[in-house]
Amino acid sequence: MTDFSRRYGSWAVIAGGSDGVGAAFADGLAARGMNLVLVARRTAVLDECAAAVTAKHPVQVRTVALDLAADTAIAALAQATADLEIGVFVYNAGSDTRSAEFLDRTLDDHRALVQRNCVSVLEAAYRFGGPMVTRGRGAVVLVTSGAAWAGGRTLSSYGATKAFDLVLGEGLWAEWRDHGVDVLSLVLGATDTPSLHRTMDPGDRPLADPRDVAEQALDHLADGPTWIHGSDNPTGGSPFGSLDRRSAVLAMSTPRH
């Protein structure tokens, strides 16, 4: 047993654990000796990720195909893992599927986004974080986004859901830090993932490496409540600093190429 698994437990769940940052978390946690439960919608991609992990690391891997936008998803995940002691829960699902203005998306699109990025996150923290608090050990990582810092054009509902995750993680850190449970709100900027390339053309924009994202988060699990990847001050505040809210929203709404 590694020091990491001794501290947190032998099993980790990665919601959104099929490619990109989720796959990087899978590799990083397996390298630290943790068995994995990988959760995502696409069975084929899940199986590919699981095979890549087990080919490289001597760990057990389960896959659970679930749509985290479904209102029964987290209950189903809890049932599928009822025989395991989950020591780390990473909620990495929730990237936006496309960039569009608020009224150019359907109401069902917005509702699904809120279900996946807010309601399911809240339920996962409750169902899986509760036993961690009772045991006195564990860790929860909520992957959020720089879109959480301020509202922005084409980011209205997405940014709002990510702000929910950011603040939820910070609040849970404050409540659970004295119970042996580490909570980290992981704030990402543009990251080189399949979901980003499906959503936008990054052009010459610099992109973070998913492996670096996961490694930093795992190395700094105990340094919550917030870790801002790529920042010169990763435990600091909003990069908008002393800007008034209107200026921050305008800055967030400026196209980046």
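What counts and how
Residues numbered from 1 in each chain as written. Predicted model: local features only at pLDDT ≥ 70, side-chain atom pairs only at ≥ 80, totals over all residues. Heavy atoms only, no water. Helix = DSSP H or I, 4+ residues; strand = E, 2+ residues; numbered from the N terminus. Contact = heavy atoms within 4.5 Å. Core = buried A, V, L, I, M, F, W, Y, C linked by side-chain atoms within 4.5 Å. Buried < 20%, exposed > 50% of the residue type's maximum accessible area, 1.4 Å probe, protein only. Phe/Tyr/Trp six-rings, centres within 6.5 Å; stacked < 30°, edge-to-face > 60°.

**Description of the environment of T235**
Here's step 1: Here T235 is to be found in the loop between β7 (226–228) and α9 (245–252).
Here's step 2: Separated by 12 residues in sequence, T235 and D223 place their C-alpha atoms 7.8 Å apart.
Here's step 3: Discounting chain neighbours no more than four positions away, the residues touching T235 are D223, T226 and W227.

**Section: the nonpolar core**
Here's step 1: Membership of the largest hydrophobic core comes to 34 residues, with the highest contact counts inside it found for F25, L29, L36, V88 and L186.
Here's step 2: Looking at this core, the element that brings in the most residues is helix α2 (residues 20–31), giving six residues.
Here's step 3: The contacts of F25, once residues within four sequence positions are left out, are I14, V90, V141, V143, L186, A214, A217 and L218.
Here's step 4: With 28 residues, the next largest nonpolar core counts V13, A15, L77 and L84 among its residues.

**A short note on the packing of aromatic side chains**
Here's step 1: Considering all chains together, one arrives at three aromatic pairs under this definition.
Here's step 2: Between F4 and Y8, the aromatic rings sit 4.9 Å apart at their centres with planes inclined by 55 degrees, giving tilted as the arrangement. Of this pair, F4 and Y8 both sit in helix α1 (residues 3–8), separated by four residues, roughly a single helical turn. Residues F4 and Y8 agree in their burial class; the two are buried.

Taken by themselves, the reported measurements are silent on function.
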